[in-house]
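Close look at the chain arrangement
Given next are the chains, with one letter for each unit.
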Number of protein chains: 2
Amino acid sequence: MTDETRMKAAMQAYIDHFNRSDAAAIADLYADDATVEDPVGSPLKKGKAEIAAFYKMAVATGARLELAAPVRASHGNAAAMAFNVRLNMPEGRAHIQVIDVMTFNDAGKFTSMKAYWGKSDMVLEK
Amino acid sequence: MTDETRMKAAMQAYIDHFNRSDAAAIADLYADDATVEDPVGSPLKKGKAEIAAFYKMAVATGARLELAAPVRASHGNAAAMAFNVRLNMPEGRAHIQVIDVMTFNDAGKFTSMKAYWGKSDMVLEK
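This is a predicted model, so every value here is computed, not measured.

A look at the pattern of salt bridges
Any two side chains of opposite charge can pair if their charged atoms end up close together. Residues and elements named next belong to chain B. On inspection of all chains with the given rule, the structure shows 14 salt bridges over all chains. Lys48 serves as the salt-bridge partner of Asp32, at 3.9 Å between the closest nitrogen and oxygen. Highlighted residues: Asp32 in strand S1 (residues 30-37) and Lys48 in helix H3 (residues 47-60), separated in sequence by 16 residues. On the basis of relative accessible area, Lys48 is assigned to the partly exposed category, the value being 25%. Measuring nitrogen to oxygen at the nearest pair gives 3.1 Å for the salt bridge that ties Arg86 to Glu66. Of the two residues, Arg86 is situated in strand S4 (residues 78-89) and Glu66 in strand S3 (residues 64-67); the sequence distance between them amounts to 20 residues.

Examining the interface of chain B and chain A
If you look at the interface, chain B gives 31 residues, while chain A gives 31 residues. Regarding the contact of chain B and chain A, the summed buried area is about 2,200 Å², with carbon and sulfur atoms giving 60% of it. Inspection of the region where chain B meets chain A yields 2 salt bridges. Between A:Lys8 and B:Asp121 there is a salt bridge, and its shortest N-O distance comes to 2.6 Å. The tally of links from chain B across to chain A stands at 22 residue pairs in polar contact (both at pLDDT 80 or more). With 7 residues, S4(B) is the single largest residue contributor to the side of chain B that touches chain A. Partitioned by chemical class, the residues of the side of chain B that touches chain A number 18 nonpolar, 8 polar and 5 charged.

Overview of the layout of surface pockets
Roughly 400 Å³ of volume is contained in the largest pocket. Broken down by element, the residue count for the lining of the largest pocket peaks at 4 residues, all from H3(B). Looking at the lining of the largest pocket residue by residue, the class counts come to 18 nonpolar, 1 polar and 2 charged. Roughly 330 Å³ of volume is contained in the second largest pocket. Along the wall of the second largest pocket there are 20 residues; nearest its centre are A:Asp38, A:Phe54, A:Ala58, A:Val85 and A:Ile96. For the lining of the second largest pocket, a count of residues per class yields 17 nonpolar, 1 polar and 2 charged.

A closer look at the relation of the copies chain B and chain A
It takes a turn of 180° to lay chain B on chain A, together with a shift of 0.0 Å along the axis; the resulting RMSD is 0.0 Å. Look at the turn and shift together and you get a two-fold axis relating the two. Every residue of chain B has its C-alpha some distance from the rotation axis, and the shortest such distance is that of B:Ala82, at 3.2 Å. The fraction of interface residues of chain B whose copies in chain A are also interface residues reaches 100%, indicating that both copies meet through the same surface.

Things to note about the pairing of strand S4 (residues 78-89) of chain A
Both faces of the sheet carry side chains from a regular strand, because those side chains alternate between them. Residues and elements named next belong to chain A. In terms of burial, S4 is largely enclosed, as 9 of its 12 residues are buried. The pairing of strand S3 (residues 64-67) with S4 spans 4 bridges and is classified as antiparallel. When the bridges of S4 are listed, Leu65 appears paired with Val85. Across 12 bridges, the pairing between S4 and strand S5 (residues 92-104) is antiparallel. Directly across from Asn84, in S5, lies its bridge partner Gln97.

What counts, and where the lines are drawn
Residues numbered from 1 in each chain as written. Chains lettered and ligands numbered in written order. Predicted model: local features only at pLDDT ≥ 70, side-chain atom pairs only at ≥ 80, totals over all residues. Heavy atoms only, no water. Salt bridge = Lys/Arg side-chain N within 4 Å of Asp/Glu carboxyl O. Helix = DSSP H or I, 4+ residues; strand = E, 2+ residues; numbered from the N terminus. Buried < 20%, exposed > 50% of the residue type's maximum accessible area, 1.4 Å probe, protein only. Contact = heavy atoms within 4.5 Å. Buried area = accessible area lost by both parts, 1.4 Å probe. Polar contact = N/O pair within 3.5 Å; in protein donor to acceptor, adjacent residues only side chain to side chain. Nonpolar A, V, L, I, M, F, W, Y, C, P; charged D, E, K, R; others polar. 1 Å grid on protein atoms, 1.4 Å probe; cavity = no way out; pocket = protein on both sides within 12 Å on 5 of 7 lines; lining within 4 Å. Points joined across faces, edges and corners; volume = space filled by probe spheres on them. Least-squares fit on C-alpha atoms with pLDDT ≥ 70 in both. Pairing = 2+ DSSP bridges.

These figures capture arrangement, not role.
Printed below as a string of structure tokens:
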């Protein structure tokens, strides 16, 4: 069952877990054999161990996620959301403009995540 | 060549052509053998003829597209954007919250489009 409400709740949980720096809780949203492509165009992280390590590193940056628009569902087993990653860089405050697309299994776990952002989506805030 | 600036310009052209109700110009953004899945979870439209027919119908609704956040690129041949489709329904003004993901060929044409929106993304404006 991958109804829209359930998918949207998992997407929101991803944001909330990230903002509590809870890498283990984020990894738990994923299926055991899930893949992460972040950013799209980079090598896949495969399986829970690689994914958990990735988020451990990601939350250690102190970055915070902020939805840019309401989470979108679909008529299939997928959902998408636009958000900003707020972080402090040596050059000052910055944000990265990202869209994540997740697919889901019947248990409501993420089977894949793709993060769309490029170099041109990194914005230094003067 | 699918650099970020070029992909973002094509995404913006898609919005602009739609808002001029120019279905032919939208279809021209696609490669000949492209596919459209709108919404994700529905049958694919395949090839230029089916895609052109789809947009002819879509622009005839008088709907207008409005970006909800800046277009995102990626480190690969893909880009994504969150927008609202504004339209008049028998029940009044409404909008559909959508995220489109496009992939590109070397000529800069869309090879696929996936539109993420579900029933829960249709919002009646009171």
